[in-house]
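If you want the building blocks of each chain, they are given just below.
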Amino acid sequence: MGVEIKFSQSYIWLNSWVLANVIQLATQEFCDRFVDYSMDPGRRLYDQMVMAARCGVANIAEGSARHSTSIETEMRLTDVARASIDELQGDLFNFLMRRKADVWAIGNPFRESIWQIRLDVPQYSNSYLHDAAIHILAQKAKFDPWLGSDDPEVAANALLLLCIRENRMLQGQIHSQLEDFRQTGGFTENMTAERLEARKAQAMTAGAPVCPKCGKPMLRRMQRKGQMQGREFWGCSDYPRCNGLLPMAPDKSR
């Protein structure tokens, strides 16, 4: 299997990261226009909504960057991103309820139009951050007829719908990460496998005996507990599938 440290900014190809950036930009614009001092005199709601959108982007990026070293951490951070988008979704839902506004139901023409919009596949050159910025703004432009509406209820519903889409993307991403872990293991498991392979190769070149049970090279091991604690012995390199053992001859040079 081996350990491979991959490009740490590969998240820029993820649709979830692209859409999260669209949501962050749209949230900043929405709050600038509609979350005013009359409804949020302490600016707490403004800060919370903007920070929730930012955390969605940041945790997707950080989680993806950890893929090579810890799939468990990647999954945890992806779930934090999902929770942040959930938080923003709750604030938008509350915004609409405070205004006694309609929350778009399935079948609403605006809702259906937004739901049918698909993101383009990124086409990045070596100037990937430059290209990513252009790509994100182009994707946002697809939703701007609703996100940029002067009607706060239309803008809030559109942003709420994007949060729902993002949540589903992240849920699928977590399932894919779990399956990846099942198939390839995590960083710790692969590091252990590499170390065992290196020890096997070392044993073969160091003249170690072969296992009396399976014929594979044996490795130096040490008794960890019991009356024989600290004593070295030969153990099969294919342990635990093979439990072959041989005593180690005492060192006569001591």
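Residues numbered from 1 in each chain as written. Predicted model: local features only at pLDDT ≥ 70, side-chain atom pairs only at ≥ 80, totals over all residues. Heavy atoms only, no water.

Colleague: I'd like to hear about the overall build of the chain, residue by residue, with values.
Modeller: The helix and strand inventory of the chain stands at seven helices and three strands. What you see in the chain, going N to C, is helices and strands ordered as α-α-α-α-α-α-α-β-β-β. Looking at the 254 residues of the chain, the share that counts as buried comes to 41%. Contacts in the chain between residues at least 24 apart in sequence constitute 62% of all its contacts with a sequence separation of at least 6. When the accessible surface of the chain is totalled, it reaches about 14900 Å², and 53% of it is carbon and sulfur. (Helix = DSSP H or I, 4+ residues; strand = E, 2+ residues; numbered from the N terminus. Buried < 20%, exposed > 50% of the residue type's maximum accessible area, 1.4 Å probe, protein only. Contact = heavy atoms within 4.5 Å. Areas by Shrake-Rupley, 256 points an atom, 1.4 Å probe, with all protein chains shown as cover.)

Colleague: Provide a residue-level description of the packing of aromatic side chains, including the pertinent values.
Modeller: The geometry of an aromatic ring pair is captured by the separation of the ring centres together with the interplanar angle, meaning the angle of the planes. In this structure the tally under the stated criterion is five aromatic pairs. Ring centres of Trp-13 and Tyr-124 lie 5.2 Å apart, and the angle between their planes is 65 degrees; on these two criteria the pair is classed as edge-to-face. With Trp-13 in the segment before α1 (15-34) and Tyr-124 in the loop between α4 (109-116) and α5 (128-147), the pair connects residues that are 111 residues apart, well separated along the chain. For Tyr-124, a relative accessible area of 16% puts it in the buried group. Here the aromatic residues Phe-30, Phe-34 and Phe-95 are joined through ring pairs into a cluster of three or more. Sitting over the face of the ring of Tyr-37, Arg-43 holds its NZ or CZ atom 4.4 Å from the ring centroid. Geometry around Trp-115 places Arg-111 over its ring, the cationic atom sitting 5.4 Å from the centre. (Phe/Tyr/Trp six-rings, centres within 6.5 Å; stacked < 30°, edge-to-face > 60°. Lys NZ or Arg CZ within 6 Å of the ring centre and 35° of its normal.)

Colleague: Explain the pairing of strand β2 (residues 232-236) residue by residue, including any values.
Modeller: Among the five residues of β2, four are classified as buried, and the element is accordingly described as predominantly covered. Bridging between strand β1 (residues 218-222) and β2 involves five bridges; their strand directions are antiparallel. Paired with Leu-219 across the strands is Gly-235, a residue of β2. Two strands pair when backbone bridges link them, and β2 and strand β3 (residues 245-247) are joined in this way by three bridges, in the antiparallel orientation. Across the sheet, Gly-235 pairs through a bridge with Leu-245, a residue of β3. (Pairing = 2+ DSSP bridges.)

Colleague: Would you mind going over the side chain of Ser-84 in detail, with residue names and values included?
Modeller: Looking at the element boundaries, Ser-84 is found in helix α3 (residues 71-98). Those residues within four positions of Ser-84 in sequence are excluded, and the remaining contacts are Ala-52, Cys-55 and Gly-56.

Colleague: Could you give me a rundown of empty space enclosed by the protein, with the residues and numbers involved?
Modeller: A probe matching the size of a water molecule, rolled over the atoms, marks out where space remains unfilled. One pass over the full model with this rule turns up one cavity of 30 Å³ or more. Here the largest cavity defines a volume of roughly 40 Å³. Looking at the largest cavity, the residues that line it are Ala-26, Glu-29, Phe-30, Arg-33, Leu-147 and Ala-155. Considering each element in turn, the lining of the largest cavity owes the most residues, four residues, to α1. Taken together, the residues that form the lining of the largest cavity break down as four nonpolar, no polar and two charged. (1 Å grid on protein atoms, 1.4 Å probe; cavity = no way out; pocket = protein on both sides within 12 Å on 5 of 7 lines; lining within 4 Å. Points joined across faces, edges and corners; volume = space filled by probe spheres on them. Nonpolar A, V, L, I, M, F, W, Y, C, P; charged D, E, K, R; others polar.)

Colleague: A description of the environment of Lys-100 should follow, citing residues and the corresponding values.
Modeller: Mapped onto the elements, Lys-100 comes out in the loop between α3 and α4. Each C-alpha atom of the pair Lys-100 and Glu-153 lies 9.7 Å from the other, and the pair is 53 residues apart in sequence.

Colleague: Just give me the short version of the sheet that holds β1, but keep the residues and values in it.
Modeller: Ordered in space as β1-β2-β3, the three strands form an open sheet in which the pairing is antiparallel. The strands lining the two open edges of the sheet, one partner per strand, are β1 and β3. This sheet shows a mean twist of 35 degrees between the axes of neighbouring strands, independent of strand direction. (Axes fitted to C-alpha atoms, helices over the stretch in contact; angles between N-to-C directions.)

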